[in-house]
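Here are the chains, one letter per residue:
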Amino acid sequence: MSFKDDLIDDLSGSFFNEDEFGEIVTLVRDGKEYSLNGLYDELPLQGENMGGGVDAISHNPRLFVSASSLPGGKPCKGDVFVLGENEFNKAKRIVAKDFEFPKDGVVVYYLKDRASGSKNSVSN
């Protein structure tokens, strides 16, 4: 077994494992749905000084998934993910606005929430 295979096994066994840190998310791409393990993270709100004493607040949610669990093994801008409600976040539908795909096999999606109340939002 190679180092990369060992790394992927370790990530799947603990980092992406829903009994440890991860959660099951649904990827919607090209009209098809794929269930995969991921780790959703909402970065803390950050203030950015816009001048004149006015601060802008940015919010950048991220989703970490194993590249091997993506269709074709590749991420795409515009991928849509559906997250179920859990103790850390509400159910939501989020869209990939960008991603990082380093050589370690973990894809980091940078996301934007779908507007609540839209036909694509998730409700309970």
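Note: the structure precedes this text.
So, a few notes on the structure that sits alongside this text. (Residues numbered from 1 in each chain as written. Predicted model: local features only at pLDDT ≥ 70, side-chain atom pairs only at ≥ 80, totals over all residues. Heavy atoms only, no water.)

A closer look at the overall build of the protein
1) Next: Helix and strand counts for the protein stand at 1 helix and 8 strands.
2) Next: When the elements of the protein are put in sequence order from the N terminus, they spell out α-β-β-β-β-β-β-β-β.
3) Next: Per-residue burial over the protein gives 31% buried out of 124 residues.
4) Next: For the protein, the computed accessible surface area is about 7800 Å², with 50% contributed by carbon and sulfur atoms. (Helix = DSSP H or I, 4+ residues; strand = E, 2+ residues; numbered from the N terminus. Buried < 20%, exposed > 50% of the residue type's maximum accessible area, 1.4 Å probe, protein only. Areas by Shrake-Rupley, 256 points an atom, 1.4 Å probe, with all protein chains shown as cover.)

Quick notes on the nonpolar core
Considering soluble globular proteins, one finds that nonpolar side chains tend to be buried as a cluster.
1) Next: By size, the foremost hydrophobic cluster in this structure holds 15 residues, and its most contacted members are L63, V65, L70, F81, Y109 and L111.
2) Next: When residues of this core are traced back to their parent elements, those giving at least two are strand 1 (23-29), strand 2 (32-42), strand 5 (61-66), strand 6 (80-83), strand 7 (92-100) and strand 8 (106-113). (Core = buried A, V, L, I, M, F, W, Y, C linked by side-chain atoms within 4.5 Å.)

Section: the sheet that holds strand 2
Strand pairing within a sheet occurs via backbone hydrogen bonds; the two strands may be parallel or antiparallel.
1) Next: Strand order around the closed barrel formed by 6 strands is 1-2-5-8-7-6, with antiparallel pairing between neighbours. The sheet shows a mean angle of 45 degrees between the axes of neighbouring strands, taken without regard to direction.
2) Next: Across 6 bridges, the pairing between strand 7 and strand 8 is antiparallel. Note that in strand 8 the partner of I94 across the bridge is D113. (Pairing = 2+ DSSP bridges. Axes fitted to C-alpha atoms, helices over the stretch in contact; angles between N-to-C directions.)

Remarks on the pairing of strand 8
1) Next: Relative to strand 8, strand 5 runs antiparallel, the two being bridged by 5 bridges. When the bridges of strand 8 are listed, S66 appears paired with V106.
2) Next: With antiparallel pairing between neighbouring strands as the criterion, strand 7 and strand 8 make up a hairpin whose turn holds 5 residues, including G105 at a positive phi of roughly 90 degrees.

Comments concerning the pairing of strand 6
1) Next: By the bridge criterion, 4 bridges tie strand 1 to strand 6 in an arrangement that is antiparallel. Considered in strand 6, the bridge of L27 is made with F81.
2) Next: Two strands pair when backbone bridges link them, and strand 6 and strand 7 are joined in this way by 4 bridges, in the antiparallel orientation. Considered in strand 7, the bridge of L83 is made with K92.

Focus: the environment of D79
1) Next: Its location among the elements puts D79 in the loop between strand 5 and strand 6.
2) Next: Sequence separation between D79 and R29 is 50 residues, and the spatial gap between their C-alpha atoms is 5.9 Å.
3) Next: At 2.6 Å, the side chain of D79 forms a polar contact with the side chain of Y109. (Polar contact = N/O pair within 3.5 Å; in protein donor to acceptor, adjacent residues only side chain to side chain.)

Quick notes on the packing of aromatic side chains
Aromatic ring pairs are described here by two measures, namely the spacing of the ring centres and the angle between the planes.
1) Next: Counted under the stated rule, the structure contains 2 aromatic pairs.
2) Next: Taken together, the ring pairs connect F81, F99 and Y109 into an aromatic cluster. (Phe/Tyr/Trp six-rings, centres within 6.5 Å; stacked < 30°, edge-to-face > 60°.)

Limitation: the analysis is restricted to geometry and does not speak to function.
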